[in-house]
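This is what each chain is made of:
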Amino acid sequence: PGPRSLAASSPEPLETRVQFSVGPVVLGGARLVLAFVQTPEVQRIRPVLASIRRASVGVYQTSNDAEGPGRLDRFEQIRATMAARGWHRVVGVVNNHDTVMIYTRESPRGKGPLDLCLAVRDGREVVVVSTSIDAETLAAWAASEAAGALAASARLALNVPPAPGT
């Protein structure tokens, strides 16, 4: 399942502008190449890359404007179609001309990767990103980044210089 799955759920026709996917081989190659890059920025993102199992991106165009009658009906139709395919919407936002939807597949707790699908519509352009991630690895990275940011903020607030080497 990927961008094409969510695009196929749309009650209106979508014209594909760009679509690509990367899987374990490409991601493994990227991890291998980045293993030889020793910069702080790359070291910080290695856990993020390690958490990604596959990713797909699709950019689509629709002839219908996002605003206007039927907008909420289309939003609900996509939810129902995705639900029938085993996807559950965890975030859904509709405003003047933007729509954001995030879906996930239910899987047994702690078993296997987490599948996510994000769709953003701005006017007539629709961008869909689908990925499968190791949620534990990503959560550990996010907690580490948040702890580092909190420590930096506390040092700044207390006017304490950073420790050598940080």
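The text that follows walks through the structure, step by step, so that each part is easy to find. (Residues numbered from 1 in each chain as written. Predicted model: local features only at pLDDT ≥ 70, side-chain atom pairs only at ≥ 80, totals over all residues. Heavy atoms only, no water.)

**So, the overall build of the chain**
Piece 1. A tally of regular secondary structure across the chain gives five helices and six strands.
Piece 2. Sequence-ordered secondary structure for the chain, helices as α and strands as β, is α-β-α-α-β-α-β-β-β-β-α.
Piece 3. Pairs at least 24 apart in sequence give 59% of the contacts found in the chain among residues at least 6 apart.
Piece 4. Here the chain displays about 10,200 Å² of accessible surface, and carbon together with sulfur accounts for 62% of that area. (Helix = DSSP H or I, 4+ residues; strand = E, 2+ residues; numbered from the N terminus. Contact = heavy atoms within 4.5 Å. Areas by Shrake-Rupley, 256 points an atom, 1.4 Å probe, with all protein chains shown as cover.)

**Regarding the sheet that holds strand 3 (residues 87–94)**
Piece 1. Here six strands make up an open sheet; going across it, the order is 1-2-6-5-4-3 and the pairing antiparallel. Looking along the sheet, the strands with just one partner apiece sit at the ends: strand 1 (14–22) and strand 3. On average, adjacent strands in this sheet sit at an angle of 15° to one another, irrespective of strand direction.
Piece 2. Judged from the seven bridges that link them, strand 3 and strand 4 (residues 98–105) form a sheet pairing that is antiparallel. Note on strand 4: the bridge partner recorded for Val94 is Thr99.
Piece 3. In the packing of helix 2 (residues 24–34) onto the sheet, contacts are made with strand 1 and strand 2 (52–62), and the angle to strand 2 comes to roughly 115°.
Piece 4. The sheet strands contacting helix 3 (residues 40–51) are strand 2 and strand 6 (125–133), and the helix crosses strand 2 at an angle near 80°. (Pairing = 2+ DSSP bridges. Axes fitted to C-alpha atoms, helices over the stretch in contact; angles between N-to-C directions.)

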